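Residue strings, one per chain:
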Amino acid sequence: MSETGNRLRKLLESQNFDPQNYVKQLSQQSDGDRDLQEHRQKIQNLADETAQNLKKNVYKNYRQFIETAKEISYLESEMYQLSHILTEQKSIMESITQALISTDKDETSKEMQAAFPKETEELKQRTLTSLLEKVEGGKNIMDTPGRHLVYNGDLVEFDVDNMSPIQKVHAFLMNDCLLIATWLPNRRGTVKYKYNALYDLESFAVVNVKDNPPMKDMFKILMFPDSRIFQAENSKIKKEWLEILDETKKNKVTKDRHKKEEEVPVSPVRAEVSTNPFDQEEEHQPAGEAEESVDLSLEWIQELPEDLDVCIAQRDFEGAVDLVDKLNEYLKEQPVNQRVKELRLKVEERLRQLTEVLVFELSPDRSLRGGPKATRRAVCQLIRLGQSTKACELFLKNRAAAVQTAIRQLRIEGATLLYIHKLCNIFFTSLLETAKEFEMDFAGNTGCYSAFVVWSKTTMRMFVDAFSKQVFDSKESLSTAAECVKKAKEHCQQLTEIGLDLTFTLQSLLVKDIKAALQCYNDIIIEATKHRNSEEMWRKMNLMTPEALTKLKDEMRSCGIASFDQYTGDDCWVNLSYTIVAFTKQMMSFLEEGLKLYFPELHMVLLESLREIILVAVQHVDYSLRCEQDPEKKAFIMQNASFLHDTVLPVVERRFEEGVGKPAKQLQDLRKSTRPVRINPESTTSMV
């Protein structure tokens, strides 16, 4: 930049720059329009230079912008997960608090029940009976003795996949089950609802759904492997549903436990007559001493249920499982008495909660960005809890959802080969990582490997659907399809490093589309050959320039015809027909692309296609020999026939045998049946 331009830049960049004063001074100092035009041009040049520098800086920092955007996206995802974890911990802490104060509530309720036992029970049953009269198909629900209503209200059910409203329902929460009834559009008398489903309280888990406007005030009911989502009228009603559902489930567990304890038969102990004199002391041992033979007064055993609650709340899954293993090891050789049973019931309740949390960790609703390693923690703890089958099923479902999401998010590029390259990288890399993680997590559970093989074949079908939709449904050229299939085979071979061979599965899923592509291209070549044959004049080719002749020689040499030079004449002439040369190039190209697509199931399809294409050219030459009367043209046609028989067909046979690994008897028989006869110019006999 000139010195004048630098001064102008500094002037415009100064903090005290006043545009009005600057223009006023400039108009006073200028002699005329020419000075103003020159000054205007200087300012314009400075503006253009500034814009160019700004554009260069943007390009220079473009990668940093992208990386910053990615980091912001990652941070947003992590903050969402952290918020979700804090919400879970808050709910767990609230449940612990409720459990601590539930003792006082239980005592109060027992006093009330002792004061008005019959009236309360009968009132609840009468209320439930009057409500169930409004439900079509719900008369048999009251057949269970002791069943009464706890809570009810209107809800809206949403679709789990796309979060769209499905229907309006009315839920009846009873002391041992949950009834879902749908609204009847055409009411009949007092009947307002229709029976939809009845769930036992022990058969489902309740999960809070985080508000994400406009989707708010929702909660989910998980009945493995299904789930349903409901929306309450407002946040207050949603909170009531969650609290009452949780409290009712706990009351049912407590009631069932007490019921089992009461039903344990106490049979009179009959004294056995023993001949062992040393057993006499044991026979007189008090029953209380056998009861106290297991020492449960240890501090860590007394605090075990509370420690498990803390571990679950803090998501310390490893610590929770370690505590359970420690207890099992301690009680392994100890006798079982009433106190041990009570302790095990408390631990089993915590184990059920821990399993629900681990199952949720592996559900596809969680973030899938961490890859297979992100599932290792939950999978390992489920395996340690003796639930390897469930861990295997949830792990594979999680990875299937991750693969499907990655394929859906892949941008469809204009260039098919570029899209297939990205698709293969994403799919086979995910499959390889999943296989390695599966082998690491389930190393001691060989029975799960069959499930992984089945899963691999299922996900391969998902890959082939996306592959075929882009390659074959869009009517790409055979050369593009061949390159895409070759790329997929190469990636498939990489899986053999870990002992997983899915090549046969890939081929069996693609065979139908490849057959159709070969047949379609075969028809195109035959139609093009027939069209050229209809315009055949049987004249030598004149390529006009030496460069064009050299290019044709190179093309024929790349097709495998090394002796093409003997068919070239003086200057730029070729002693062959344009139709025969074009046919040779097109057929050899079809053969090369077909060999890239080849696998044993396509052997006869490729052979028959080659045979049909060759017969079209041979029959045209034979017909021309029989009909042509000019001796010179007949000799020229005979030269083209010899080129086909002696040069082209042997190259086709040899190249097919190299690509397939075995000779093609059909092509050999075809060449023998079309052997040209050395004829006189006047002869009308052409080919045998």
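Residues numbered from 1 in each chain as written. Predicted model: local features only at pLDDT ≥ 70, side-chain atom pairs only at ≥ 80, totals over all residues. Heavy atoms only, no water.

1. Observations regarding the overall build of the protein
Which entries qualify depends on this criterion: Secondary structure follows DSSP: runs of H or I at least 4 residues long count as helices, runs of E at least 2 residues long count as strands, and numbering of each begins at the N terminus. Categorising residues by exposure relies on relative accessible area from a 1.4 Å probe, with only protein chains included: less than 20% of the type maximum marks a residue as buried, more than 50% marks it as exposed, and the intermediate range marks it as partly exposed. Two residues form a contact once any of their heavy atoms are found within 4.5 Å. Throughout, the Shrake-Rupley method with a 1.4 Å probe supplies accessible areas, and for residues the shown protein chains are the sole cover considered.
When helices and strands are counted, the protein shows 23 helices and ten strands. Considering the protein as a whole, with its 688 residues, one finds that 37% of them fall into the buried category. For the protein, contacts bridging at least 24 residues in sequence account for 65% of all contacts bridging at least 6. Accessible surface, the protein as shown: approximately 41500 Å² in total, 52% of it carbon and sulfur.

2. Remarks on the packing of aromatic side chains
For clarity, the cut-off: Within 6.5 Å between ring centres, the rings of Phe, Tyr and Trp (the latter by its six-membered ring) count as paired, and their orientation is classed by plane angle as stacked under 30 degrees, edge-to-face over 60, tilted in between. Throughout this description, the term charge over a ring refers to an Arg CZ or Lys NZ atom that lies within 6 Å of the ring centre and within 35 degrees of the ring normal.
Under the counting rule described, the total for this entry stands at 22 aromatic pairs. An angle of 70 degrees between the planes, with centres 6.4 Å apart, marks the rings of Y199 and F204 as edge-to-face. The pair Y199 / F204 is uniform in exposure class, with both members buried. A ring pair is formed by F564 and F643, whose centres lie 6.5 Å apart and whose planes are at 70 degrees; its orientation type is edge-to-face. One end of the pair, F564, is in the loop between helix 19 (546-558) and strand 10 (573-577); the other, F643, is in helix 22 (residues 631-660), and 79 residues separate them in sequence. F643 shares its class with F564; the two are buried. Three or more aromatic residues joined by ring pairs make a cluster, and in this case those are F395, F438, F442, Y449, F452 and W455. Over the ring of W300 we find K326, and its NZ or CZ is 4.4 Å from the ring centre.

3. What about the pattern of salt bridges?
The condition is simple: Salt bridge, as used here: a side-chain nitrogen of Lys or Arg that lies within 4 Å of a carboxyl oxygen of Asp or Glu.
Counted under the stated rule, the structure contains 24 salt bridges. Bridged by salt links that share partners, the residues E202, K252 and D256 form one connected network.

4. Describing a nonpolar patch on the surface
Quick reminder of the rule: Surface patches are drawn from residues lacking salt bridges whose relative accessible area is over 30%; two like charges belong together within 9 Å, two nonpolar side chains (Val, Leu, Ile, Met, Phe, Trp, Tyr) within 5 Å.
Taken together, the side chains of L54, V58, Y59, Y62, F65 and I66 present a nonpolar region at the surface, about 640 Å² in accessible area. Those elements that provide at least two residues to the nonpolar patch are helix 3 (33-60) and helix 4 (62-115). Its location among the elements puts F65 in helix 4.

5. Here we look at a negative patch on the surface
Put simply, the rule is: The charged-residue count follows a simple rule in which Lys and Arg add positive charge and Asp and Glu add negative charge, with His and chain termini not counted at all. Every charge is mapped to an atom, namely NZ of Lys, CZ of Arg, CG of Asp or CD of Glu.
On the surface, a cluster of negative charge is contributed by D523, E527, E608 and E612. By secondary structure assignment, the location of E608 is in helix 21 (residues 603-627).

6. Thoughts on the environment of A406
If you trace the backbone, A406 turns up in helix 14 (residues 388-409). Among the residues examined, A406 registers a relative accessible area of 23% and is labelled partly exposed. When the C-alpha positions of A406 and F427 are compared, they lie 8.1 Å apart, and in sequence the two are 21 residues distant.

7. Some remarks on the confidence of the model for the protein
Our working definition: Values of pLDDT, which run from 0 to 100, indicate the predictor's confidence residue by residue.
For the protein, the average pLDDT comes to 79, and 86% of its residues sit at 70 or higher. In this model, residues 677-688 is a region of pLDDT below 50 whose contacts with residues beyond four sequence positions or in other chains number 29 contacts.

8. Description of the packing of helix 10 (residues 304-313) against helix 12 (residues 338-361)
Spelled out, the test is: Axis lines are fitted to C-alpha atoms, over the contacting stretch for helices. Their N-to-C directions set the angle, which ranges from 0 to 180 degrees. What sets the label is the angle itself: under 35 degrees gives roughly parallel, over 145 gives roughly antiparallel, 65 to 115 gives roughly perpendicular, and the rest give oblique. Under the scheme applied, nonpolar residues are Ala, Val, Leu, Ile, Met, Phe, Trp, Tyr, Cys and Pro; charged residues are Asp, Glu, Lys and Arg; polar residues are all the others, including Gly.
Where helix 10 contacts helix 12, the two axes come as close as 10 Å, and the packing angle between them is 10 degrees. In terms of their interaxial angle, helix 10 and helix 12 are classed as roughly parallel. Every residue of helix 12 that contacts helix 10 at L304, P305, L308, D309 and I312 is listed here: K346, V347, R350, Q353, L354 and V357. A breakdown of the residues in the contact of helix 10 with helix 12 according to their chemical character gives seven nonpolar, one polar and three charged.

9. Description of the pairing of strand 8 (residues 226-231)
Convention followed: A pair of strands counts as paired when DSSP detects no fewer than two bridges linking them.
Note that strand 2 (residues 149-158) and strand 8 share three bridges and pair antiparallel. Its bridge partner being in strand 8, V156 is matched across the sheet by Q231. In this sheet, strand 8 lies alongside strand 7 (residues 218-223) in antiparallel orientation, the contact comprising six bridges. When the sheet's bridge partners are listed, L222 is paired in strand 8 with S227.

10. Overview of the environment of M218
Position of M218 among the secondary structure elements: in strand 7. The sequence separation of M218 and N208 amounts to ten residues, and the corresponding C-alpha distance is 7.0 Å.

11. Points about the packing of helix 15 (residues 416-441) against helix 16 (residues 449-471)
At a minimum axis distance of 11 Å, the contact between helix 15 and helix 16 shows a crossing angle of 175 degrees. Classified by the angle between their axes, helix 15 and helix 16 sit roughly antiparallel to one another. Each of T416, Y419, I420, L423, C424, F427, F428, L431, T434, A435, F438 and E439 in helix 15 lies in contact with helix 16, whose residues at this interface are Y449, F452, W455, S456, T459, M460, F463, A466, F467, Q470 and V471. Class assignment of the residues belonging to the contact of helix 15 with helix 16 gives a composition of 17 nonpolar, five polar and one charged.

12. Brief notes about unusual backbone geometry
Not every positive phi belongs to a glycine, and W538 is a case in point at roughly 55 degrees. Positive phi, normally seen in glycine, also occurs at M544, with a value near 75 degrees. The topology assignment puts M544 in the loop between strand 9 (540-542) and helix 19.

13. Section: the nonpolar core
Which entries qualify depends on this criterion: Here, nonpolar core means buried Ala, Val, Leu, Ile, Met, Phe, Trp, Tyr and Cys residues that are tied together by side-chain atoms lying within 4.5 Å of each other.
Formed by 123 residues in total, the largest nonpolar core has its most connected members in F463, F467 and F656. The element that contributes the greatest number of residues to this core is helix 22, accounting for twelve residues. Look past the residues within four positions of F467 in its chain and what remains in contact with it is I420, L423, F472, C484, V485, A488 and L510. Within the second largest apolar cluster, 18 residues are counted, among which are I221, F230, A232 and W241.

14. Here's the deal with the side chain of D441
Examined against the element boundaries, D441 turns out to sit in helix 15. Discounting residues that sit within four places of it in the chain, D441 has contacts with R376, V379, C380, I383 and F395.

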